[in-house]
Amino acid sequence: MHTSDSATDTHCPYCALQCGMRLRPDPGGATVAVEERADFPVNRGALCGKGRTAPAVLSSRVRLTEPLVRTHAGRLEPATWEEALDAVAGGLARTGRTYGPDAVGVFGGGGLTNEKAYALGKFARVALRTSQIDYNGRFCMSSAAAAHQRAFGLDRGLPFPLADIPRTGCVILVGSNLAETMPPALRYLTELKANGGTLIVIDPRRTRTAEQADLHLAPRPGTDLALALGLLHLIVAEGRTDEEFIAARTTGWQEARAAAMAHWPELVERITGIPVPRLREAVAMFCAPESAMVLTARGPEQQSKGTDTVGAWINLCLATGRAGRPLSGYGCLTGQGNGQGGREHGQKADQLPGYRKLTDPAARAHVAEVWGVDPDSLPGPGRSAYELLDALGTDVKALLLMGSNPVVSAPRAAHVEDRIRSLDFLAVADVVLSETAALADVVLPVTQWAEETGTTTNLEGRVLLRRRALTPPPGVRSDLDVLHGLAARLGVEKGFPTEPEEVFEELRRASAGGPADYSGITYARIEAEQGVFWPCPEGPEGAAGSPGTERLFLDRFATDDGRARFVPVSHRDAAEVPDADYPLLLTTGRVVAQYQSGAQTRRVDELNAAAPGPFVELHPRLAARIGAVDGCPLAVTSRRGRAVAPARITDTIRADTVFMPFHWPGEGRANTLTNPALDPTSRMPEFKVCAVRVEPA
Ligand SMILES: Nc1nc2c(c(=O)[nH]1)N[C@H]1C(S)=C(S)[C@@H](COP(=O)(O)OP(=O)(O)OC[C@H]3O[C@@H](n4cnc5c(=O)[nH]c(N)nc54)[C@H](O)[C@@H]3O)O[C@H]1N2
Ligand SMILES: Nc1nc2c(c(=O)[nH]1)N[C@H]1C(S)=C(S)[C@@H](COP(=O)(O)OP(=O)(O)OC[C@H]3O[C@@H](n4cnc5c(=O)[nH]c(N)nc54)[C@H](O)[C@@H]3O)O[C@H]1N2
Ligand code: SF4
Ligand SMILES: [Mo]
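All residue numbers here refer to positions counted from 1 along the written sequence of the relevant chain. Starting at A for chains and at 1 for ligands, labels are handed out in the order in which the entities are written. Local features in a predicted model are, by the rule used here, given only for residues with pLDDT of at least 70; side-chain atom pairs are given and counted only at 80 or more, and totals for whole chains, interfaces and linings are based on all residues. Just so you know, side-chain values use all the structure's heavy atoms and leave hydrogens and water out.

Under an unreviewed UniProt entry, the name given to the chain is 4Fe-4S Mo/W bis-MGD-type domain-containing protein, and the organism recorded is Streptomyces nojiriensis.

In structure tokens, the structure reads:
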């Protein structure tokens, strides 16, 4: 879809909304200007400040433009690509030879395109033969993914397009601050209300999103599971279940019902801090209309019981017949640009492309055939992201990192930083010198979004094409080039093409027949149709293939018997609860102007002006008790460490809770404090709740 004057239609490099945008080359040709692109249905031209300013990161002033190799003196010095790739291949191969293939780790990212995520997973299994690969999506949507699989037999963020939201009757938004994390999507909630629908927001803070709500419930962090169970208890007690739906389309209701009935409203009030009348109000609002949705984001998911918590919200939908029907259902708002596709094509520890299981012999045989290798040569499942980072320097002695900045974004970050420093060898591919890249032995400067082509899958399961709009500066290469060059040096000459479309064609075949089937999707179709929703199987020889699947589960769920599975869940405490030494709860999250570890957005002047640094949000009553005034430095201490950042006093937060955004390194790094307690199923760390002490520094 090149327009006549050579502007290019593409998508934003950042979050899972994957807003459409048009890039117009500047007269000099060195960079591009962002223009609205009203034809793309998801954002209809609207962009947030991050998307609008994304081209600033393309300029060589802030980015890496030559490979860096650490010298004997310990400094990172410019090197040629040959030297840098030789050094990386040498470092990885030496480690593998000395300690075995599993001593080499790979860490990927949910921001990588489908082609890169696919190639990275293949590189680990085929070129390195290591099982030790995982990615930052483990920190992001893994709990929702696990709960989706358990209940529905399939994991796609939203089972319906965003455009369905304004037409439902009620939306419960749990722990999502989308007014700041996906600003153009706020429109869907505004339209919902304009159409007479209601909005319930559940967040310990009265966020900009919560301000839009008809009902805002502010639970104590880490208590969403009790809250959902309490609502289900009331639904049963008030006779509001949909018995016909339960009988026809689900299994396991009796056990789930019994578990919910043990959560009396008064008990739930005590656990969550939400008065029973408010719980009743929520039930009435949710159950009154014909249709309703529950959408979760990181608030309830980033907990050591995130999978069960999401399961409890799914149970609520199933018990009221609000799933597998038009305009109803449970959905998870994914996070990173390719948060959805990045979790489907093999960079996960337990996964093969097409969302296949690495432990399934048929899946291994299918993918091994596409890859032209012996199925027995494929390693088994590896460790989850935090467990992998925690093993660095012990079992895992060399690491290749692509698309993450764990020194800032991992839980218990000071420990993770120590682990990274203790590696024998670290190679990082990045567009900027992130805090993690700064620790590397070799840094590989790669092309970025506007300079390369590739597909991403947005939060709706819509596969999109990002298109190259600009010639990259000399000196940088694509991630696909990097993997090609490394594989060749490791003795694997074939199978790592550098052309994205060639990789996608292979991905199509590898995913064919899997849960996330992309075989019917082509670059040409994506362009012609404003994206294609998976699953999208290819038709038999000569016949038309699937049109793509915009809405899931309307006829059957993706389980063997086609029924959704209730899972009985019960509330349990967070891994850490307040005590005399650490009497407060810390929760963490985002602000609108910074993205993730900030590696990219902290390099954009306009965004830094809007959000210059970390802060500690606290209630005026708490501030008065500890003697804090607005702007004074506060020391926040947990069992992991101490962080210092200025106080931001506001009555929009619970008085027993403080909030810190996690976008910054250094003294104000929120992740110095966070607890790496893991969810037993999803291995998601508990970013959203730990116990802390707060005092003026
Ligand atoms: N500006 C910006 N936008 C982004 C990103 C970014 O870094 N910056 N990152 C992208 C990515 S990868 C992701 S995953 C998404 C995340 O998108 P969101 O999930 O919307 O973002 P968060 O701020 O992490 O958390 C959302 C809310 O959860 C609340 N919360 C905290 N603890 C609890 C709890 O125990 N229960 C409940 N119910 N709520 C709680 C917080 O107060 C916060 O308002 O955003 C995407 N968009
Ligand atoms: N306390 C706390 N911590 C959190 C969270 C929280 O809510 N609270 N949220 C968690 C969540 S949901 C997430 S998703 C993680 C995210 O945290 P990170 O995994 O650190 O994500 P980013 O900061 O996006 O890091 C991406 C890195 O890859 C680089 N990069 C971007 N595109 C490419 C590319 O195409 N190729 C290569 N090679 N590099 C690229 C960027 O410059 C950047 O350095 O943080 C988690 N950490
Ligand atoms: S909402 Fe997300 S995809 Fe849209 S412009 Fe902002 S960061 Fe980019
Ligand atoms: Mo995320």
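A.B. asks: For this particular structure, what's the right way to read unusual backbone geometry?
C.D. replies: The omega torsion of the bond from Trp534 to Pro535 falls at -5°, within 30 degrees of zero and hence cis. A helix here means a DSSP run of H or I that spans at least four residues, while a strand means a run of E at least two residues long, and both kinds are numbered starting from the N terminus. Within the secondary structure, Pro535 sits in the loop between strand S21 (532–533) and strand S22 (564–565). Even without a glycine there, the phi angle at Gln18 is positive, about 50°. Turning to its location among the elements, Gln18 is positioned in the loop between strand S1 (8–11) and strand S2 (20–25). Only protein chains enter the calculation, and the probe is 1.4 Å; a residue is then buried if its accessible area is under 20% of its type maximum, exposed if over 50%, and partly exposed in between. Residue Gln18 is classed as buried on the basis of its relative accessible area, which comes to 0%. At Arg412, a residue that is not glycine, the phi angle is positive and equals roughly 50°. With respect to the helices and strands, the residue Arg412 is situated in the loop between helix H16 (406–409) and helix H17 (413–421).

A.B. asks: Quick question: what am I supposed to make of the site of ligand 2 here?
C.D. replies: Proximity criterion: a residue is near a molecule or strand once any of its heavy atoms comes within 4 Å of it. In the neighbourhood of ligand 2, 31 residues make up the surrounding shell, with Asn136, Ser404, Ser409, Asp430 and Ser597 lying closest. Think of a polar contact as two N or O atoms within 3.5 Å of one another; within protein, one of them needs to be a possible hydrogen donor and the other a possible acceptor, and neighboring residues in sequence only count if both atoms come from side chains. Here an oxygen atom of ligand 2 sits 2.7 Å away from a polar atom, N or O, in the side chain of Asn136. Contacts to ligand 2 include Thr588, whose side-chain N or O atom sits 2.9 Å from a nitrogen atom. For the accessible areas, the method is Shrake-Rupley and the probe is 1.4 Å, while residue cover comes only from the protein chains on display. Notes on ligand 2: free accessible area 920 Å², of which the protein chains cover 96%.

A.B. asks: Mind showing me how you'd approach the domain arrangement of the chain here?
C.D. replies: Interface size is often expressed as the accessible area that is lost when the parts come together. Throughout the structure description, domain borders are defined by an automatic or database domain assignment. Taken as a whole, the chain is organised into domain 1 (2–58), domain 2 (68–138 + 338–454 + 466–499), domain 3 (158–332) and domain 4 (584–696). Taking only C-alpha atoms into account, the centre of domain 1 sits 28 Å from that of domain 2. Between domain 1 and domain 2, the residue contacts involve 18 residues of the former and ten residues of the latter. Two parts placed together each lose some accessible area under a 1.4 Å probe, and adding up what both lose gives the buried area. Summing the contributions of domain 1 and of domain 2, the shared interface buries around 1300 Å²; its carbon and sulfur component is 58%. Whenever Lys or Arg places a side-chain nitrogen within 4 Å of a carboxyl oxygen from Asp or Glu, that contact is recorded as a salt bridge. Linking domain 1 to domain 2 there are zero salt bridges. Only heavy atoms matter for contacts: two residues are in contact if any of them lie within 4.5 Å across the pair.

A.B. asks: Sorry if this is basic, but what is going on with the pairing of strand S25 (residues 633–638) here?
C.D. replies: Each regular strand displays side chains that alternate between the two surfaces of the sheet. Of all the six residues making up S25, five are buried; the element is thus mostly covered by neighbouring parts of the structure. The sheet contact formed by S25 and strand S26 (residues 641–649) spans six bridges and is antiparallel. Considered in S26, the bridge of Ser638 is made with Gly641. Criterion used throughout: strands pair if DSSP finds at least two bridges between them. Connecting the antiparallel pair S25 and S26 is a turn made up of two residues. Sheet topology note: the S25/strand S30 (residues 690–696) ladder contains four bridges and is antiparallel.

A.B. asks: Any chance you could explain the pattern of salt bridges here in plain terms?
C.D. replies: Side-chain pairs of opposite charge can arise where the charged atoms are in close proximity. For the structure shown, the criterion picks out 46 salt bridges. In this structure, the salt-bridge partner of Arg75 is Glu77, at a minimum N-O distance of 3.1 Å. For Glu417, the salt bridge is made with Arg421, and the minimal N-O distance between the two is 2.8 Å. Separated by four residues within a single helix, Glu417 and Arg421 lie in helix H17, roughly one turn from each other. Exposure remark for Glu417: the relative accessible area of 16% places this residue in the buried category. For Arg421, a relative accessible area of 53% puts it in the exposed group. Each of the salt bridges in this network shares a partner with another, and the network as a whole consists of Asp9, Arg22, Arg37 and Asp39.

A.B. asks: How should the site of ligand 1 be read in this particular structure?
C.D. replies: Neighbouring residues of ligand 1: 33 residues in total, closest Asp203, Asp224, Arg590, Gln594 and Gln596. Ile202 is positioned such that a nitrogen or oxygen atom in its backbone is 3.2 Å from a nitrogen atom of ligand 1. Considering ligand 1 on its own, with 900 Å² of exposed area, one finds that the protein chains cover 99% of that surface. Per-class residue counts for the shell around ligand 1 are ten nonpolar, 15 polar and eight charged. There are two domains that each give the shell around ligand 1 at least three residues, and those are domain 3 (158–332) and domain 4 (584–696). Classification used: nonpolar for Ala, Val, Leu, Ile, Met, Phe, Trp, Tyr, Cys and Pro, charged for Asp, Glu, Lys and Arg, polar for all others including Gly.

A.B. asks: Mind showing me how you'd approach the sheet that holds strand S7 (residues 133–135) here?
C.D. replies: What links the strands of a sheet is backbone hydrogen bonding, and the strands pair in either a parallel or an antiparallel sense. Taken in spatial order, the seven strands line up as S5-S4-S18-S17-S16-S6-S7 in an open sheet, and their pairing is mixed. The open sheet is flanked by strand S5 (76–78) and S7, the only strands paired with a single partner. The mean angle between the axes of side-by-side strands here comes to 15°, regardless of whether they run parallel or antiparallel. In terms of strand pairing, strand S16 (residues 398–402) meets strand S17 (residues 425–430) through five bridges, oriented parallel. By the bridge assignment for S17, Met402 is matched with Ala429. Sitting on the sheet, helix H3 (residues 114–128) touches strand S6 (104–108), S7 and S16, and the angle it makes with S6 is about 170°. In this analysis an axis means a line fitted to C-alpha atoms, helices contributing only their contacting stretch, and an angle means the value between N-to-C directions, from 0 to 180 degrees.

A.B. asks: I'm lost on the sheet that holds strand S3 (residues 32–35) in this one. Help?
C.D. replies: Taken together, the three strands give an open sheet; going across it, the order is S1-S2-S3, and neighbouring strands pair in antiparallel fashion. Of all strands in the sheet, those bounded by a partner on one side alone are S1 and S3. Here the strands of the sheet are splayed against their neighbours by 40° on average, with no regard to which way each runs. In this structure, S2 lies alongside S3, joined through four bridges in antiparallel fashion. If you follow Pro25 over to S3, its bridge partner there is Val32.

A.B. asks: What is the right way to look at the pairing of strand S28 (residues 675–678) in this model?
C.D. replies: Two strands pair when backbone bridges link them, and S28 and strand S29 (residues 685–686) are joined in this way by two bridges, in the antiparallel orientation. Residue pairing in the sheet places Asn675 in a bridge with Glu686 of S29. Adjacent in sequence and paired antiparallel, S28 and S29 are bridged by six residues, among which Arg683 carries a positive phi angle near 60°.

A.B. asks: What exactly am I supposed to notice about the packing of helix H14 (residues 361–371) against helix H19 (residues 500–511) here?
C.D. replies: Working note: a packed helix pair is described by the angle between its axes plus the distance between those axes. Contact pair H14 / H19: the axes reach a minimum separation of 9 Å and the direction vectors enclose 155°. On the basis of the axis angle, H14 is roughly antiparallel to H19. Judged by the twist between their axes, the crossing of H14 over H19 is right-handed. In this structure, H14 uses His366, Val367, Val370 and Trp371 to contact H19, whose residues at the interface are Glu506, Arg509 and Ala510. Residues that form the contact of H14 with H19 fall into these classes: four nonpolar, one polar and two charged. Roughly parallel means an angle under 35 degrees; roughly antiparallel means over 145; roughly perpendicular covers 65 to 115; every other angle is labelled oblique. Handedness of a crossing is defined here by the sense of rotation of the near helix relative to the far one, left-handed for an anticlockwise turn of less than a right angle and right-handed for a clockwise turn.

A.B. asks: I keep staring at the packing of aromatic side chains and nothing clicks. Help me out?
C.D. replies: What describes a pair of aromatic rings is the distance from one ring centre to the other and the angle between the planes of the rings. In this scheme Phe, Tyr and Trp rings, the latter by its six-membered ring, pair at centre separations within 6.5 Å, and the angle between planes marks the pair as stacked below 30 degrees, edge-to-face above 60, and tilted otherwise. Scanning the model with the defined rule gives eleven aromatic pairs in all. Look at Trp253 and Phe566: their rings are 4.9 Å apart centre to centre, the planes differ by 45°, and that puts the pair in the tilted class. Placement of Trp253 in helix H9 (residues 253–261) and of Phe566 in the loop between S22 and strand S23 (584–589) is noted, with a sequence separation of 313 residues between them. Residue classification places Trp253 among the buried positions, given a relative accessible area of 6%.

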